[in-house]
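These are the residues of each chain, in order.
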Amino acid sequence: MPHDLHMPCRFRSATGAEADTLADIRVAAMRPSLEAIGRFSPERARERFLKGFDPADTTVIECGGEIAGFFVVRRRKDHLYLDHLYVTPSHQGRGLGWRVVSDLQERARTEGLPIRLMALNGSPANDFYKRCGFEVVSSDALDTIYEWQARAAS
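Residues numbered from 1 in each chain as written. Predicted model: local features only at pLDDT ≥ 70, side-chain atom pairs only at ≥ 80, totals over all residues. Heavy atoms only, no water.

### Re the overall build of the protein
(1) Moving on: Counting secondary structure elements, the protein contains four helices and seven strands.
(2) Moving on: Scanning the protein from its N terminus toward the C terminus, one meets helices and strands in the order β-α-α-β-β-β-α-β-α-β-β.
(3) Moving on: Here the C-alpha coordinates of the protein stretch approximately 50 × 40 × 30 Å along the principal axes.
(4) Moving on: Expressed as a percentage of contacts within the protein between residues at least 6 apart in sequence, the contacts between residues at least 24 apart total 58%.
(5) Moving on: Counting every atom, the protein has about 8600 Å² of accessible surface; 49% of that belongs to carbon and sulfur. (Helix = DSSP H or I, 4+ residues; strand = E, 2+ residues; numbered from the N terminus. Contact = heavy atoms within 4.5 Å. Areas by Shrake-Rupley, 256 points an atom, 1.4 Å probe, with all protein chains shown as cover.)

Okay, here's the thing in structure tokens:
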């Protein structure tokens, strides 16, 4: 996968004061996919994010001093749940999503846990997660649930 190794980026913990900014990033990122299925509601997309927002589970991706995206990983008893991963359009295609998923896969390997996530059907995220080695567990009319497990060394 592509990596822009010269991009000055860092991952840092989110603050409570960033909730609205992160909600705006989520709305902008989800808009094309939700519009395609006739379900875009900026209010609902913001509300759903803000209702579950916990800065302790949220990591901000900062590049060149600006927020380039964020991700949310929730530790469950039997898996890591990647609840959100959004990269702003101006920072997409630079390998940031790949870096986030690769780091999370390494953490999952170390902790001996699978990673689970859900993606909206029709979203480009589905192809991205498949390229990252995630497999479909189930799907319904709106979403597909994926899981990634470390393979045993042979």
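Anyway, onward from the coordinates.
### With respect to a nonpolar patch on the surface
(1) Moving on: On the surface, M118, V137 and I145 cluster together into a nonpolar patch covering about 240 Å² of accessible area.
(2) Moving on: For M118, the location among the structural elements is in strand β5 (residues 115–120). (Patch = residues over 30% accessible without salt bridge, like charges linked within 9 Å, V, L, I, M, F, W, Y side chains within 5 Å. Salt bridge = Lys/Arg side-chain N within 4 Å of Asp/Glu carboxyl O.)

### Considering the side chain of D143
(1) Moving on: Relative to the helices and strands, D143 is located in strand β7 (residues 143–148).
(2) Moving on: Contact partners of D143, with chain neighbours within four places excluded, come to M118, A119, L120, N121 and S138.

### As for the confidence of the model for the protein
(1) Moving on: Taken over all residues, the pLDDT of the protein has a mean of 91, while the share at 70 or more is 94%.
(2) Moving on: Here residues 1–5 scores under 50 on pLDDT; set against residues more than four positions off or in separate chains, the count is ten contacts. (pLDDT = per-residue confidence, 0-100.)

### Concerning the environment of F11
(1) Moving on: In this structure, F11 sits in strand β1 (residues 9–13).
(2) Moving on: Beyond its immediate chain neighbours, meaning those up to four positions away, F11 contacts T59, V60, I61, F71, V100 and D103.

### Observations regarding the sheet that holds β5
(1) Moving on: Read from one edge to the other, the open sheet built from seven strands follows the order β1-β2-β3-β4-β5-β7-β6, with strand pairing classed as mixed. Two strands bound the open sheet, and with one partner strand each, they are β1 and β6 (135–139). Here the strands of the sheet are splayed against their neighbours by 30° on average, with no regard to which way each runs.
(2) Moving on: In this sheet, strand β2 (residues 58–63) lies alongside β1 in antiparallel orientation, the contact comprising five bridges. In the sheet register, F11 faces β2, and the bridge partner there is I61.
(3) Moving on: On the sheet, helix α1 (residues 19–36) packs against β2, β3 (66–75), β4 (80–87) and β5 and is oriented at approximately 90° with respect to β3.
(4) Moving on: Contacts from helix α3 (residues 96–111) reach β1, β2, β3, β4, β5 and β7 within the one sheet, and its direction differs from that of β4 by about 165°. (Pairing = 2+ DSSP bridges. Axes fitted to C-alpha atoms, helices over the stretch in contact; angles between N-to-C directions.)

### Here we look at the state of the cysteines
(1) Moving on: Throughout the structure, instances matching the rule amount to one disulfide.
(2) Moving on: A sulfur-sulfur distance of 2.1 Å marks the disulfide that ties C9 to C63. Disulfide C9-C63: torsion about the S-S bond near 110°, hence right-handed. Placement of C9 in strand β1 and of C63 in strand β2 is noted, with a sequence separation of 54 residues between them. (Disulfide = S-S within 2.5 Å.)

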